[in-house]
Structures are given as C-alpha cells and as structure tokens.
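In case you want the letters, here they are:
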Amino acid sequence: MKFTDGFWLTREGYHIQNPTDIRDIIQKDNSLTVHAATKYIRTKGDTLNGTLLKATYSSPMPNVIRVTLNHHKGRVKKGPEFELISQDANVEISANEQGAVLKSGELEVQIDKTNGWDVSFLYGGKRITGSGLRAAGYITGPNKEAYFREQLDLGVGEYVYGLGERFTPFVKNGQVVDTWNEDGGTSSEQSYKNIPFYLSNKGYGVFVNHPERVSYEIASENVSKVQFSVEGETLEYFIIGGDNPKDVLDNYTRLTGKPALPPAWTFGLWLTTSFTTDYDEGTVNHFVDGMAERDLPLSVFHFDCFWMKEYQWSDFVWDEAMFPDPEGMIQRLKDKGLKICAWINPYIAEKSYLFDEGMENGYLVKTADGSVWQWDMWQAGMALVDFTNPDAVKWYKSKLEVLLDQGVDSFKTDFGERIPTDVVYFDGSDPVKMHNYYTQLYNKAVFELLEEKLGKNEAALFARSATAGGQQFPVHWGGDCSSTYESMAESLRGGLSLGLSGFGFWSHDISGFENTATPDVYKRWVQFGLLSSHSRLHGSTSYRVPWLFDEESVDVVRDFTKLKISLMPYLYNSAQESSARGIPMMRAMMLEFPEDPATYSLDTQYMFGDSVLVAPIFNKEGDVTYYLPEGTWTNFLTGEKIQGGRFVRENHSFRTLPMMIKPNSLIAVGAVNDVIEYDYAENVSLHLFELGEGNQAEANVVSTRSEQELNVKAVHSGAGIEVTAEGTGKAWTLVLRGIHEVSAVQGGTAANGEHGIVVTPDAFTGKISISL
C-alpha cells in the first residue's frame with residue numbers, strides 16, 4: 001500500500017508520523033524498549049499534544065530479533081495469532097549515552113540515539129539492513145483509519161524472494177504484494193499460499209507476524225526500501241539471520257514450525273480421476289490396470305470431487321450410484337499395491353446432511369445476527385466449518401475418520417481461500433485475520449487426524465491453501481494451472497517461491513489442470529513432474545493417463561517414474577533434510593549457490609536436493625538454455641560431462657533433459673524401480689561424480705521408517721580415493737562415474753560397468769582404498 005506521492009510528498013488524505021527523537025531506551029529483562037517522539041523535542045512544552053511511538057526489541061531464539069512497533073497499546077487484541085516456537089536466546093545487552101545494542105547469537109540490533117531514528121541490524125558484525133529517518137511510521141488515513149509501516153534498507157544488488165507461492169516474477173523487486181489468500185489460479189498476482197516472510201540474497205529474512213493482510217512495496221514505492229504495512233496500532237516483525245540462506249530458512253522454520261516428513265509412498269506417482277470426468281469403479285480399474293499392463297508403476301490413486309454426490313459437497317459419503325461398495329473397492333485397489341486419497345474441503349453445502357447437523361450444533365461460521373453464513377459460489381447454499389470451535393473440529397474429524405476406517409490413506413484438502421470477513425467465529429476471532437488463517441486450522445485438523453489414526457510420519461495431505469506455519473502439514477500443490485508451457489513455467493516459479501518461504505514439499509498438476517495438453521506439453525511436463533518432490537497426474541475435464549496422448553507418452557511416463565523410484569535412496573534422505581532444516585527439496589539455484597551472482601534470478605531450473613540440477617524444457621522443439629555453476633557436471637541420463645561457470649544450450653528428445661550432477665557428489669541409487677517403498681539400503685549403488693583433489697563426498701541412506709542404514713564417505717587424496725562406510729551390513733556397491741580404469745583396489749574388487757568402474761566391498765562396513 002502506497003502512502004507517499006513520490007519521494008517528497010504524502011498522498012492526499014494521509015498523515016505520517018515517523019519516530020524522530022529518541023527520548024529514552026529502557027532495558028527490561030532481556031528486551032530493549034525505545035520511546036521516540038515524532039518531532040524534535042527542544043523544550044518541555046514540546047512534549048505536550050504530541051505522539052510518542054514505542055519500539056521493543058527482544059529475541060525468541062538465537063539469531064532472531066523481534067521488533068514490536070506500537071502507538072496505542074490499550075486496544076482490544078483479537079486472535080488468531082501465528083503459533084510461534086521460542087527457545088533460550090541468551091541475549092546480550094549493552095547501553096551507553098550514544099545508544100544501545102541487543103545481541104542474539106550472531107545477530108544484533110544497534111540503536112543510535114545521536115542521529116534521530118537510526119536502527120541497524122548486523123549479522124556477524126556486518127550490517128545487513130536497517131530502519132532510518134522517515135522509514136518506520138504511524139499513519140492515519142482519510143477515514144481516520146490507522147496503519148503502521150516499516151521500511152527496511154535494500155542494498156545495491158540485493159534481491160528479495162519468497163512471500164509464499166507467487167507466480168509473478170521470481171525476484172520480487174519492483175512488485176507490490178498483498179498477502180491475501182485467493183482462489184486465483186496460477187497466472188495472476190493472486191496466490192493460494194500467502195506467507196508474510198521474505199528472504200534476501202544478502203543472507204537474512206524478515207517475517208511479519210500478522211495473519212491478516214500485509215501490504216508489501218518491494219523496491220516499488222521507495223526503490224531502495226522494502227516497505228511492509230498493516231492496518232492497526234501495532235506492527236511486529238522478526239529479523240532472521242544465518243550464515244547462508246539455508247540457515248535463514250532453518251531459523252525461520254524453528255520459529256514457525258518444521259515440515260513434517262511425508263511417508264515414502266507419497267513420493268511415487270499419483271493418478272486421479274480428474275475433476276469433472278465421469279467415472280465409477282470400472283473406470284478406475286481400467287486406468288489402474290492399464291498402467292500396470294504398460295509397466296507404469298503407480299503408487300496412489302486419488303478420487304476427486306465427484307466421489308460424492310453432486311450438490312452435497314462435502315458430506316463425505318460415497319455416491320452409491322457410482323460406488324455401491326466403497327469398502328470393497330478400496331480394498332481391491334489396495335490389493336493392487338495402491339494407497340488411496342480422497343478429495344475434501346471445509347465447505348458444507350445446504351443439501352448435505354451435515355449442514356443441518358452443523359447448524360443445530362453451532363459448528364458453522366455465523367453472521368452478526370446469529371444466522372449461518374451462506375452463499376452459492378462453488379456449492380449451493382454452502383457454509384463454512386468453524387474450526388475455532390473445538391467441538392466442530394471433533395465433529396469434522398469424526399466424519400473423516402469413517403473414511404480412514406474404510407481404507408482411505410490421505411486427503412486432498414482443497415480450497416480454504418474464499419473466506420468471508422463479515423462473519424462471526426465461535427471464539428471471537430477477528431474475521432479479517434481469519435481470512436488467511438482459516439486454512440491453518442483446516443489443514444491442521446485433518447493432518448492431526450491422520451497422525452492420530454495412522455501414526456507419525458504416515459500423515460500426508462495434498463493441500464492447496466496455506467499461511468505461515470502451513471509447512472508443518474505437507475504436501476502442498478500449486479493449484480489450477482493451464483495446459484501450456486507458459487503455465488508450466490509459472491508453476492515452477494510458484495514452487496520455487498514457496499520453497500524460499502519455508503515449505504519443504506511441493507507438487508503441481510502434471511500437464512496442467514485446465515484444458516487438455518498437446519502430447520508435447522504432456523511429455524515435457526511429465527519430465528518436470530517426476531523430477532519434483534511429489535508427482536501427480538491430474539486434470540479438469542479430461543483423463544490424464546498417458547496412452548490417451550500418444551504411445552511415446554507411455555514411454556516417457558515409464559522412464560521417469562522408474563527413474564524417480566530408483567533415486568528414492570537419494571531423495572528420501574533429501575526429504576529428511578527438508579523436514580529437519582525447513583529447506584525445500586526443490587531448491588532455487590540461489591539457495592544452493594548463494595555466492596554465485598549468476599544464480600540470483602534463475603527460475604527455469606532448480607536443484608533437486610543438494611546435488612541434482614534439473615532444467616525442464618518449455619518448448620516442443622526440445623531447446624533449452626540453463627546455467628551451470630563452476631566445476632565439471634555430469635548428465636545423469638547421458639553421461640555427458642560439461643564444464644560449468646557458464647550458460648549451456650542444448651537440444652533434447654522427450655526421453656532426456658538436463659539432469660546434471662554437481663561435482664563432488666555421491667548419489668545413492670536403489671536396486672528397485674517398480675515400487676516406491678522398498679529397502680533403500682539393500683544392494684544400493686553409490687555413484688561418485690567428479691571427486692576433486694582434496695574434496696569429500698558423502699551419502700546417507702535411510703529406511704522408509706527414517707532409520708539410518710548406511711553412511712559412506714569418499715575422500716580424494718593424492719592419487720587415490722579413500723572410502724569409509726558405516727551401516728547395518730547390507731550389500732552396496734560404489735560406481736566411479738566416467739572412470740573406466742583404476743590401478744588397484746584394497747578392501748574390495750573392481751569391474752568395469754556401464755557407467756564406470758564398479759567397486760564391490762569385501763565387507764560392507766569399513767574402508768576401501770582406490771588407486772587411480
């Protein structure tokens with residue numbers, strides 16, 4: 001939201017009061033409180049009839065500083081509030097006549113009393129951003145409404161990322177962003193997942209602690225500032241530091257919650273009925289059996305909306321005309337090795353039997369006069385479940401529990417964005433704050449039920465909407481995209497932005513949701529989709545099985561599904577890191593290579609885990625241009641070696657794409673490629689790529705139950721490679737990619753293989769010495 005008219009003037013009707021003259025700094029417990037007048041005070045009389053603004057600095061955990069700005073604190077404060085996690089920060093505070101310093105870990109805030117309003121944030125002794133004169137401000141508008149804003153410095157060459165799943169340009173500089181969840185598809189400035197957190201390439205993040213609308217002006221209203229503002233008398237934000245962008249995300253998700261680890265089966269291929277298609281058990285079996293007959297490994301089958309009867313969404317009752325024996329059908333599908341997902345949402349149509357139940361018991365969101373809030377958009381006469389009512393949550397869970405008892409394994413928690421603000425909640429929550437926060441309560445309720453019934457690390461959603469903290473309830477997908485290359489690219493941008501907002505796991509509708517893709521778009525999107533965290537074939541009005549596109553589509557789906565399954569030893573370890581540290585599996589290049597300026601704006605390629613670079617192809621011809629950082633990279637599919645530090649142009653068929661392995665990488669490849677859950681450690685092959693002199697590569701292999709099975713380290717020293725292995729004693733081999741001759745091997749035997757020398761250890765734990 002803009003308050004100024006150019007650099008010098010204020011917009012008509014607005015009045016801005018900036019903290020100008022620091023009157024005192026008070027230390028209390030582990031915090032500093034600064035009182036500042038909005039004009040220079042020269043006499044005691046100047047203190048009358050004026051405004052005194054307050055800024056409080058504290059730390060909830062190491063390397064995080066909380067800033068609370070306020071005007072009048074006596075206003076009634078309504079929830080909801082983000083659930084934040086605190087730790088012992090061991091704060092250091094010092095003060096003198098010139099100012100004060102509060103330090104938490106390597107992050108500190110310096111307040112200079114001698115220069116008007118001058119606040120600096122430093123990490124490791126280096127200034128990262130700050131707030132100066134005319135930056136922070138308390139503002140009144142034309143109708144006497146109040147706002148608070150902050151403007152933080154934006155340095156030369158500094159770029160801003162994140163703010164949720166945004167489909168606009170990847171670098172947010174120059175953009176106006178309002179965090180307001182909307183069902184707007186993937187081709188506009190609207191977003192299903194608005195997260196008031198941004199990440200800077202200078203190595204810090206800023207989280208604005210407000211569930212309601214936060215309005216950002218990112219190098220837009222003032223080109224050297226990031227401005228954020230909220231309506232009201234208070235503004236609270238956190239500066240989050242770290243040694244690198246990964247550490248910043250780690251610290252941010254320590255504060256707002258870590259992503260849960262999805263079960264291993266969720267990483268396989270999902271197939272759905274699509275949205276408005278006609279289907280029954282015969283249709284479902286036709287597709288499931290068709291996949292099996294074509295040797296296309298399938299992990300999950302998803303039933304979209306019309307598993308329930310029309311006009312009755314949601315009643316969580318199978319349409320008996322189409323599915324007369326749901327329990328039997330589910331069991332028959334599970335006998336084929338499939339997990340089952342069912343579509344749900346938090347909206348209750350008037351024709352649903354749940355409407356009367358909810359209305360009678362007070363489980364539905366109400367209007368000011370006590371009526372049930374209703375409208376006809378989406379479902380006729382639909383209402384909203386009031387998740388602020390604990391009894392309503394239990395009621396909603398009880399209906400879903402029936403489905404779990406029938407054999408359903410997961411829920412697609414659709415919608416949650418179209419939440420009205422002229423309503424009354426059971427617990428008195430502010431309906432404006434609840435607009436974005438509603439999705440958190442919705443997804444939390446469903447995720448908790450899955451954990452209660454299935455166990456920890458067995459719960460998985462397929463969620464569309466989110467707010468800060470929503471990363472705790474994976475997986476999320478990108479919403480309604482179109483079946484075009486442009487929409488494929490915008491989907492990737494959205495996923496990369498979400499990943500830089502603390503979300504570890506993300507998916508998208510392979511080949512697009514709206515319309516039906518041409519065969520070339522389908523095949524290119526399949527490559528991208530199966531080299532994504534989670535992979536789902538889904539559409540709107542047509543089915544998405546590959547043989548309906550062309551026979552080569554069948555081959556491409558087979559190739560890349562089996563490729564992903566074989567990479568599960570590598571991928572599931574990456575997933576564990578994402579869960580533990582809050583960093584995404586699909587990583588923007590700048591996250592993995594923060595010291596390489598060429599990566600800062602790249603949004604058509606990504607790192608899949610820490611070692612695999614993927615550059616999807618966005619055209620029928622197969623032309624692709626992508627960037628490789630320094631070093632010798634190897635195409636995992638073709639074996640071609642390419643020198644990095646430059647942009648590369650290539651042409652690929654539908655069976656290959658740039659899937660480049662970073663030098664000094666050890667990639668764990670499984671011995672199975674037809675079922676997603678298997679013993680990842682048994683007979684695993686560890687592929688070693690371009691291990692440079694003095695460098696080390698390491699691989700961990702974990703089980704589907706997250707148990708450590710194998711750790712292997714390889715060090716290149718002198719004329720040889722020293723390999724050490726610790727584990728449970730299961731068989732493994734080492735593949736020296738691109739090396740077809742060695743002088744000697746101690747502790748194992750060597751043989752030439754398709755990709756290079758294969759070393760089989762004499763003992764599966766211990767040491768191997770390889771002379772090159």
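It should be emphasised that the depicted structure is a prediction, and the values quoted were computed from it without experimental measurement.

S.K.: Mind showing me how you'd approach the state of the cysteines here?
M.R.: Two cysteines form a disulfide when their sulfur atoms are joined by a covalent bond. Applying the stated criterion across every chain, the model contains zero disulfides. The thiol of Cys 341 is unpaired, and the distance to the nearest cysteine sulfur, on Cys 305, comes to 11 Å. Cys 341 gets classed as buried once you look at its relative accessible area, which sits at 0%.

S.K.: Explanation requested: the packing of aromatic side chains in the structure shown.
M.R.: How two aromatic rings sit relative to each other is given by the distance of their centres and the angle of their planes. Taken as a whole and assessed by the stated rule, the structure comprises 51 aromatic pairs. An angle of 35 degrees between the planes, with centres 5.9 Å apart, marks the rings of Phe 462 and Trp 477 as tilted. Separated by 15 residues along the polypeptide, Phe 462 in the loop between helix H6 (431–454) and strand E28 (476–477) and Trp 477 in strand E28 bring together distant segments of the chain. If you follow Arg 213 out to its NZ or CZ, it ends over the ring of Trp 180, 4.4 Å from the centre. Over the face of the ring belonging to Phe 654 we find Lys 523, whose NZ or CZ atom lies 4.3 Å from the ring centre.

S.K.: Whenever I open this one, a nonpolar patch on the surface confuses me. Can you help?
M.R.: A cluster of nonpolar side chains, contributed by Phe 7, Trp 8 and Leu 9, occupies part of the molecular surface with about 420 Å² of accessible area. Counting through the fold element by element, Trp 8 comes out in the loop between strand E1 (4–5) and strand E2 (9–10). Looking at Trp 8, the relative accessible area reads 69%, which means it is exposed.

S.K.: Help me understand the packing of helix H5 (residues 390–406) against H6 in this model?
M.R.: The description of two packed helices rests on the angle between their axes and on the distance between the axes. Two elements in contact, H5 and H6, have axes whose closest approach is 10 Å; the angle formed by their N-to-C orientations is 45 degrees. The orientation of H5 relative to H6 falls into the category oblique. In terms of crossing hand, the pair formed by H5 and H6 is right-handed. Here Val 393, Tyr 396, Lys 397, Leu 400, Glu 401, Leu 404 and Asp 405 of H5 lie close against H6, whose contacting residues are Tyr 442, Ala 445, Val 446, Glu 448, Leu 449, Leu 450, Glu 452 and Lys 453. A breakdown of the residues in the contact of H5 with H6 according to their chemical character gives nine nonpolar, no polar and six charged.

S.K.: Sorry, what's going on with the side chain of His 302 here?
M.R.: By the element assignment, His 302 lies in strand E23 (residues 300–303). Since its relative accessible area comes to 0%, His 302 is described here as buried. Among all residues touching His 302, those that are not within four sequence positions of it are Leu 271, Thr 272, Thr 273, Cys 341, Ala 342, Trp 343, Lys 412 and Arg 536.

S.K.: Could you clarify how one ought to interpret the side chain of Ser 191 in this entry?
M.R.: Inspection of the secondary structure puts Ser 191 in the loop between strand E16 (176–178) and strand E17 (194–200). In this structure the side chain of Ser 191 is engaged in a polar contact, spanning 2.7 Å, whose partner is the backbone oxygen of Glu 165. Polar contacts involving the side chain of Ser 191 include one to the main-chain amide nitrogen of Lys 193, which spans 3.0 Å. What Ser 191 contacts, discounting residues up to four positions off in sequence, is Glu 165, Arg 166, Trp 180, Asn 181 and Glu 182.

S.K.: Would you explain the layout of surface pockets in this entry?
M.R.: In this approach the atoms are scanned with a rolling probe the size of a water molecule, which exposes any empty space left behind. By volume, the largest pocket is sized at about 960 Å³. The wall of the largest pocket is formed by 32 residues, among which His 210, Glu 212, Glu 231, Gly 232 and Lys 433 lie closest to the centre. Take the lining of the largest pocket: its biggest share by element is three residues, from strand E20 (residues 225–231). Looking at the lining of the largest pocket, its residues break down into nine nonpolar, nine polar and 14 charged.

S.K.: What's the story with the pairing of strand E48 (residues 756–761) in this structure? I'm lost.
M.R.: For a regular strand, side-chain orientation follows a simple rule: the groups alternate between the two sheet faces. Judged from the four bridges that link them, strand E45 (residues 732–737) and E48 form a sheet pairing that is antiparallel. What sits directly across from Val 735, in E48, is Val 758. In this structure, strand E47 (residues 748–752) lies alongside E48, joined through five bridges in antiparallel fashion. Within E48, the position partnered with Thr 749 by the bridge is Thr 760.

S.K.: Where do I start with the pattern of salt bridges in this structure?
M.R.: Should the charged atoms of two oppositely charged side chains come close, the side chains can pair. Tallying each qualifying case throughout the model produces 44 salt bridges. For Arg 581, the salt bridge is made with Asp 250, and the minimal N-O distance between the two is 3.6 Å. Placement of the pair is Arg 581 in helix H10 (residues 568–581) and Asp 250 in helix H1 (residues 245–256), with a sequence separation of 331 residues. We classify Arg 581 as partly exposed; its relative accessible area is 21%. Residue Asp 679 pairs with Lys 730 through a salt bridge whose shortest N-O separation is 2.7 Å. Of the two residues, Asp 679 sits in the loop between strand E40 (665–669) and strand E41 (684–689) while Lys 730 sits in the loop between strand E44 (720–727) and E45, which places them 51 residues apart along the sequence. For Lys 730, a relative accessible area of 24% translates into the label partly exposed. The structure contains a network of salt bridges with shared partners spanning Asp 183, Asp 414, Glu 417, Arg 418, Arg 464 and Asp 480.

S.K.: Would you take a moment to explain the sheet that holds E47 for this structure?
M.R.: Strands in a sheet are paired, the pairing made by backbone hydrogen bonds, and the direction either parallel or antiparallel. Taken together, five strands build an open sheet; the order of strands is E40-E41-E45-E48-E47 and the sheet is mixed. Among the strands making up the open sheet, the edge pair consists of E40 and E47. The average undirected angle you get between the axes of adjacent strands in this sheet is 25 degrees. For E40 and E41, the ladder comprises five bridges, and the chain directions are antiparallel. In the sheet register, Ser 665 faces E41, and the bridge partner there is Phe 689.

Basis of the calculations
- Residues numbered from 1 in each chain as written.
- Predicted model: local features only at pLDDT ≥ 70, side-chain atom pairs only at ≥ 80, totals over all residues.
- Heavy atoms only, no water.
- Disulfide = S-S within 2.5 Å.
- Buried < 20%, exposed > 50% of the residue type's maximum accessible area, 1.4 Å probe, protein only.
- Phe/Tyr/Trp six-rings, centres within 6.5 Å; stacked < 30°, edge-to-face > 60°.
- Helix = DSSP H or I, 4+ residues; strand = E, 2+ residues; numbered from the N terminus.
- Lys NZ or Arg CZ within 6 Å of the ring centre and 35° of its normal.
- Patch = residues over 30% accessible without salt bridge, like charges linked within 9 Å, V, L, I, M, F, W, Y side chains within 5 Å.
- Areas by Shrake-Rupley, 256 points an atom, 1.4 Å probe, with all protein chains shown as cover.
- Salt bridge = Lys/Arg side-chain N within 4 Å of Asp/Glu carboxyl O.
- Axes fitted to C-alpha atoms, helices over the stretch in contact; angles between N-to-C directions.
- Parallel < 35°, antiparallel > 145°, perpendicular 65-115°, else oblique.
- Left-handed = near helix turned anticlockwise from the far one by under 90°.
- Contact = heavy atoms within 4.5 Å.
- Nonpolar A, V, L, I, M, F, W, Y, C, P; charged D, E, K, R; others polar.
- Polar contact = N/O pair within 3.5 Å; in protein donor to acceptor, adjacent residues only side chain to side chain.
- 1 Å grid on protein atoms, 1.4 Å probe; cavity = no way out; pocket = protein on both sides within 12 Å on 5 of 7 lines; lining within 4 Å.
- Points joined across faces, edges and corners; volume = space filled by probe spheres on them.
- Pairing = 2+ DSSP bridges.

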